[in-house]
Amino acid sequence: MSEDVFTLTERYDPLTGRAWLEVRGTPPRTVPIDEGYGAEREQLRAAWPDRPWHADWHGGTFWPSPWGRPPLVVLLAAVTLACAATVGAGWLVGPWGAVAVALAASWPLLRLLDHASITARGIRLGSFWSMRTPWHEVEAAGVASEGRARTLWVRGRLGAASASVPPVLVPAIRARIRRLGGLEVTDGDGGLDVRYARWRQAALGLPWGALLGTAATLPFVSAPWRVATVGLLVTCGLGALGASIEARATGWGTGAVGWLTVTYAVVLAALTLGPWI
């Protein structure tokens, strides 16, 4: 590069899934961002420390990349399929069928928007309503690879979370986590520890959801005691299963075995009471 370099800007196109470095100078030029861009980026920053350096993700928000594909293309295809299914259900079943299909399709569509937000306050992976984990509570971070897909995960004090990220931006994500959190991003899915940690929050909420659902259903059924019995059995089973997951995620293997035994006992009780419910 010559001395006629004014600014360097990293760009990402969500329609194509490609990223590049835009060099504004005389003459202007572009540098593609690929798997080997991390080392090249460090050399460029060392060679031009006084030049303004910008990035489309300077705020810390990274686009999702479901299955390693361009996000806008995947979202457009998913919305098109959901609309077609809703219209087809409305034509075959009626308006209530269309409403049911639309509600069923809304959750997968929202999960396609799961993204990574990496700022000085911490890291948030998943939906926009997910909680942000402060850096002092982040225990480990890594990138799992499966085909073209790249999934960023973090394990913290209260559990683990993950989100798809564009493959071409993995070097930038590694550098940002290293700079803000002082962590090295490992390769791999993190093993069983991360899998159990991901289920901790869900395991805590499922029993309460079953209990509230049972309570809300009782005034509208003809046999409330039967529904209450089934609901309490399901709540107890989910609670014991959630306690086993919590025990395993926090390293208490013996407690996990004990709570799984309780879960098995609840299942046996449900099978025994089945003929009388």
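Every value quoted in this text rests on a predicted model; they were computed, and no experiment measured them.

Asks: Help me understand the overall build of the protein chain in this model?
Replies: Scanning the protein chain from terminus to terminus reveals eight helices and eleven strands. In terms of overall size, the protein chain is more extended than a compact globule, its C-alpha atoms giving a radius of gyration of 24 Å where 277 residues would be expected to give roughly 19 Å. Expressed along its principal axes, the backbone C-alpha trace of the protein chain runs to roughly 85 × 55 × 30 Å. The buried share among the 277 residues of the protein chain stands at 38%. Carbon together with sulfur atoms contributes 66% to the accessible area of the protein chain, which is approximately 16300 Å² in total.

Asks: What should I look at first to understand the pattern of salt bridges in this one?
Replies: Proximity of charged atoms lets side chains of opposite charge pair with each other. Using the criterion set out here, one finds eleven salt bridges in the structure. Arginine 157 is paired through a salt bridge with glutamate 137; the nearest N and O atoms lie 3.4 Å apart. Here glutamate 137 lies in the loop between β7 (122–126) and β8 (138–146) and arginine 157 lies in the loop between β9 (149–156) and β10 (159–164), a separation of 20 residues in the sequence. Accessibility expressed as a relative area gives 48% for arginine 157, which makes it partly exposed. The salt bridge partner of aspartate 187 is arginine 174, with a shortest N-O separation of 2.4 Å. With aspartate 187 in strand β11 (residues 186–187) and arginine 174 in helix α4 (residues 170–181), this pair connects stretches of sequence that are 13 residues apart. Through salt bridges with shared partners, one network takes in Arg11, Glu22, Arg24 and Asp56.

Asks: Is there a simple way to think about the pairing of strand β6 (residues 115–119) in this case?
Replies: For a regular strand, side-chain orientation follows a simple rule: the groups alternate between the two sheet faces. The element β6 is largely enclosed, with a buried count of five among its five residues. Burial along β6 is two-sided: the residues His115, Ser117 and Thr119 and Ala116 and Ile118 are all buried. In this sheet, β6 lies alongside strand β5 (residues 61–62) in antiparallel orientation, the contact comprising two bridges. Paired with threonine 61 across the strands is serine 117, a residue of β6. Two elements, β6 and β7, share five bridges in a ladder whose sense is antiparallel. Bridge pairing in β7 links alanine 116 to leucine 125. Turn length for the β6-β7 hairpin, with the two strands adjacent in sequence and antiparallel, is two residues.

Asks: Mind showing me how you'd approach helix α6 (residues 200–217) here?
Replies: Since there are 3.6 residues in each turn of an α-helix, residues three or four apart along the chain are aligned in direction. Helix length check: α6, at 18 residues, gives a terminal C-alpha distance of 27 Å against a target of 26 Å (1.5 Å per residue), a fit within 8%. Within α6, burial applies to Arg200, Ala203, Pro207, Ala210 and Thr214. Looking at the buried positions of α6, the neighbouring elements they touch are β10, α5 (191–198) and α7 (224–249).

Asks: Teacher, can you tell me more about the packing of aromatic side chains here?
Replies: Throughout the structure, instances matching the rule amount to three aromatic pairs. Between phenylalanine 128 and tryptophan 129, the aromatic rings sit 4.9 Å apart at their centres with planes inclined by 80 degrees, giving edge-to-face as the arrangement. By relative accessible area, tryptophan 129 is classed as partly exposed at 44%. Joined through ring pairs, the aromatic side chains of Trp107, Phe128 and Trp129 make up one cluster.

Asks: Whenever I open this one, the confidence of the model for the protein chain confuses me. Can you help?
Replies: Low pLDDT marks stretches whose predicted atomic positions should not be read closely. Across the protein chain, the average pLDDT comes to 86, with 98% of residues at or above 70. The least confident element of the protein chain, judged by mean pLDDT, is helix α1 (residues 37–47) at 77; the most confident is β6 at 94.

Asks: Sorry, what's going on with the sheet that holds β6 here?
Replies: What links the strands of a sheet is backbone hydrogen bonding, and the strands pair in either a parallel or an antiparallel sense. The strand order across the open sheet formed by three strands is β5-β6-β7, and the pairing between neighbours is antiparallel. Each having just a single partner strand, β5 and β7 make up the two edges of the open sheet. Packed on one face of the sheet, α4 meets β5, β6 and β7 and runs near 35 degrees to β6.

Reading the values: the criteria
- Residues numbered from 1 in each chain as written.
- Predicted model: local features only at pLDDT ≥ 70, side-chain atom pairs only at ≥ 80, totals over all residues.
- Heavy atoms only, no water.
- Helix = DSSP H or I, 4+ residues; strand = E, 2+ residues; numbered from the N terminus.
- Rg over C-alpha atoms; globule rule 2.2 N^0.38 Å.
- Buried < 20%, exposed > 50% of the residue type's maximum accessible area, 1.4 Å probe, protein only.
- Areas by Shrake-Rupley, 256 points an atom, 1.4 Å probe, with all protein chains shown as cover.
- Salt bridge = Lys/Arg side-chain N within 4 Å of Asp/Glu carboxyl O.
- Pairing = 2+ DSSP bridges.
- Expected span 1.5 Å × (residues − 1).
- Contact = heavy atoms within 4.5 Å.
- Phe/Tyr/Trp six-rings, centres within 6.5 Å; stacked < 30°, edge-to-face > 60°.
- pLDDT = per-residue confidence, 0-100.
- Axes fitted to C-alpha atoms, helices over the stretch in contact; angles between N-to-C directions.

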